[in-house]
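# Topology and contacts: notes
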Amino acid sequence: MLKKAPSLKLLAILTVYHLLSSTPCRAQPKNWDQGLSKMMDGLEKEVGNDGPPPPPEAAPPSKLPLEPDEIKQETPSSPPATPPQASSTAPDRSRVLSELLALKDNYLGNIAEEGLTRWEAENMPIKIFIEKSSSVKGFDQSYPTILENAFKSWADKSQGKLKINFSDSVEEAHIVCRWTDDRNDLMSQKEGGNTVVVPTEEGIASVDMKILTLPAPNADSISPNYMGRVCLHEAGHALGLTGHSPERADVMFATVYTSDPAVLTDRDTNSLNELYSMDEETIAGIRLNQDRAMQKTNTILDGRNPQVNAVQLNNEAARALKANQFEVAMKKLEAAHKLDPGNKLVCANLGAVYANYGSIAGMTFNLKGAADYYRKAVPLLETGNNKPALIQVLGNYLKVLNILNNKVEANKVEAKLQSITGH
Ligand SMILES: [Zn+2]
């Protein structure tokens, strides 16, 4: 058995932390893999000028032996007991819910029955990408502006709580909005659009929105008013109103009617403002269960939406990591990445898992294995927008390449590192 119990422990802590907290474009954890990095510093000294000693056990890092207690956890076990938090927050949850339901001119209580999530302050201003042109059937040049105005309407009524800005970069954006002429992209035929909100335990991580450019089933064409109402409705979902109002007048009513005005009601804006006025503790007690939300979405979509499937796999990977099932987590993240290569959370997480495997391979003197993992981690961390981790990984990768005497690749990595850090 290799002596790597501490590193495996570290791997578990780092990756779980990373998965749960890594959201695109937010401030990244500062101590991401300092521990691992320090060990990599040690490695250089240990290797010295004599080159690496022959690996005592040349197992490729992907077949890293697990410690006995970790193997135990890999075997199927009885269904997990209810987590202690669930029962301790239960009374809190019902109290919060009844308080919300009692609010006048406000439907946040109706939404809260499924659980709440929202954009947290560290992700503001929320960066929104709107596809400016499209070749889909029925697309009109005016639509991007209508959608932009819909987001602005919500933000303008938020008493300064919601800060948004618009970005031309899909990579940077928290909310990505595109146009579709395929009704199969929609979860509900009553909406004219579809918005997939990806919640984490720390609020919304990302949003994927598709707006249909085809008329409603009972209409011949799309009026600017109808498009305006559809956009307001989907923007409401994207900004955190993940459910619906029971009253038809409200923009967040489950059906978007062609004749209803494209104007937010007081109940719409009150509900959003209440969501962003709640303190952290209260919202934590009533948090939207991400798995349940995703399962529900997937059931409605009949498993047709690869993006939703990717999110589900990502969440399963998070659970696998919590149980120290690193292999399982990696496989699930790889599958998720295949389904939705643009999902930044999946990229950031898979990149982190590869990076950690790379560091572990390096510490066991499997330097080629380490280089392979770092090479795979770099583009993922770039897409995942995790700059601190990227810098760290590039630094480690460079060390390994130098020891391996791979000058060509080392020069490339060094140049990339310089272009990111500016020195
Ligand atoms: Zn809706």
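In this convention, every chain numbers its residues from 1, walking through the sequence in written order. Local features in this predicted model are restricted to residues whose pLDDT is 70 or higher, and side-chain atom pairs enter the listing and the counts only when it is 80 or higher, whereas totals over whole chains, interfaces and linings include all residues.

Moving on: the overall build of the protein chain. Going along the chain from the N terminus, every DSSP run of H or I of four or more residues is numbered as a helix, and every run of E of two or more is numbered as a strand. Within the protein chain, the secondary structure is distributed over 16 helices and five strands. Each residue is classed by its C-beta neighbour count within 10 Å, where at least 20 other C-beta atoms makes it buried, 12 or fewer makes it exposed, and intermediate counts make it partly exposed; the C-beta atoms are placed from backbone geometry. The burial tally for the protein chain puts 44% of its 423 residues in the buried class. What counts as a contact here is a pair of residues whose C-beta atoms, placed from the backbone, lie within 7 Å. Contacts in the protein chain between residues far apart in sequence, at least 24 positions, make up 71% of those at least 6 positions apart.

Here we come to helix H13 (residues 344-363). What a helix is expected to span follows from its residue count: subtract one and scale by 1.5 Å. Its 20 residues place the ends of H13 28 Å apart at the C-alpha level, agreeing with the 28 Å of an ideal helix rising 1.5 Å per residue. Burial analysis of H13 places 20 of its 20 residues in the buried class, which makes it a mostly covered element.

This paragraph deals with the confidence of the model for the protein chain. In this model, the protein chain carries an average pLDDT of 77, and 75% of its residues clear a pLDDT of 70 or more. Residue-level confidence of the predictor, termed pLDDT, takes values from 0 up to 100. In the model of the protein chain, helix H3 (residues 68-74) stands out as the element of lowest mean pLDDT, 29, in contrast to helix H6 (residues 143-156), which has the highest, 98. The low-confidence segment residues 1-89 (pLDDT under 50) makes 119 contacts with residues lying over four places distant or belonging to another chain.

The end-to-end C-alpha distance of helix H11 (residues 306-322), which contains 17 residues, comes to 24 Å, matching closely the 24 Å that a straight helix rising 1.5 Å per residue would cover. Burial of H11 is extensive: twelve of the 17 residues sit out of reach of the surface. Within the sequence span of H11, burial applies to Gln307, Val308, Ala310, Val311, Gln312, Leu313, Asn314, Asn315, Ala317, Ala318, Ala320 and Leu321. After H11 finishes, the residue Asn324 shows a positive phi value of roughly 60 degrees.

Here the focus is the environment of Gln307. Along the polypeptide, Gln307 turns up in helix H11. According to the C-beta neighbour criterion, Gln307 is buried, with 20 such atoms within 10 Å. In this structure, the C-alpha to C-alpha distance between Gln307 and Asp340, residues 33 residues apart in sequence, is 5.5 Å. Setting aside residues up to four positions removed in sequence, Gln307 forms contacts with Val196, Asp208, Asp340 and Asn343.

Strand pairing in a sheet is mediated by backbone hydrogen bonds. Such pairs are either parallel or antiparallel. If you walk across this open sheet you meet the five strands as S2-S1-S3-S5-S4, and the pairing is mixed. Each having just a single partner strand, strand S2 (164-166) and strand S4 (193-200) make up the two edges of the open sheet. Pairs of neighbouring strands in the sheet enclose a mean axial angle of 20 degrees, with direction left out of account. Strand pairing requires that DSSP identify at least two bridges connecting the strands. Judged from the eight bridges that link them, S4 and strand S5 (residues 203-212) form a sheet pairing that is antiparallel. Pairing of Val197 across the sheet is with Val207, part of S5. Inter-axis angles, ranging from 0 to 180 degrees, are taken between N-to-C directions of lines fitted to C-alpha atoms, where helices are fitted over the stretch in contact. Sheet contacts for H6: strand S1 (126-130), S2, strand S3 (175-180) and S5; angle to S1, the most-contacted strand, approximately 160 degrees.

Turning our eyes to something else, we now look at the pairing of S4. Counting buried residues along S4, eight of its eight residues qualify, which places the element largely inside the surrounding structure. Residues Gly193, Thr195, Val197 and Pro199 point to one face of S4 and Asn194, Val196, Val198 and Thr200 to the other, with burial holding for every one of them. Connecting S4 to the antiparallel partner S5 that follows it, the hairpin turn spans two residues.

Covered by surrounding structure in S1 are Ile126, Ile128 and Ile130 only, the residues Lys127 and Phe129 on the alternate face being uncovered. In this sheet, S2 lies alongside S1 in parallel orientation, the contact comprising three bridges. Among the inter-strand pairings, Lys127 is bridged to a residue of S2, identified as Asn165. A clockwise path from the first strand over the helix to the second, with the strands pointing away from the viewer, defines a right-handed crossover. Between the parallel elements S1 and S2, the chain passes through H6 in a crossover that is right-handed. Taken together, the three bridges between S1 and S3 define a ladder with parallel strand orientation. Paired with Phe129 across the strands is Val176, a residue of S3.

Let us now look at the nonpolar core. Core analysis: the biggest nonpolar cluster contains 102 residues, and Leu147, Ile175, Cys231, Tyr374, Ala377, Val393 and Tyr397 have the highest contact counts within it. If you tally residues by element for this core, the top one is H13, at 13 residues. Domain delimitation follows an automatic or database domain assignment. Looking at this core, you find at least three residues from each of domain 1 (5-70 + 302-421) and domain 2 (105-288). In contact with Leu147, not counting residues within four places along its chain, are Ile130, Cys177, Ile211 and Cys231. Each nonpolar core comprises buried Ala, Val, Leu, Ile, Met, Phe, Trp, Tyr and Cys residues, the members being joined through C-beta atoms within 7 Å.

Moving on to the environment of Leu339. Position of Leu339 relative to the elements: it lies in helix H12 (residues 326-339). When the 19 C-beta atoms within 10 Å are taken as the criterion, Leu339 is described as partly exposed. C-alpha of Leu339 to C-alpha of Asn309: the two residues are 30 residues apart in sequence and 7.5 Å apart in space. Aside from chain neighbours lying at most four places away, what touches Leu339 is Pro306, Asn309 and Ala310.

The subject of this paragraph is unusual backbone geometry. Leaving glycine aside, a negative phi is the common case for residues, and trans is the common case for peptide bonds. The linkage connecting Met124 with the following residue, Pro125, adopts the cis geometry, with an omega of 0 degrees. Mapping Pro125 onto the fold places it in the loop between helix H5 (108-112) and S1. Positive phi, close to 55 degrees, is recorded for Gln159, a residue that is not glycine. Note that Gln159 resides in the loop between H6 and S2.

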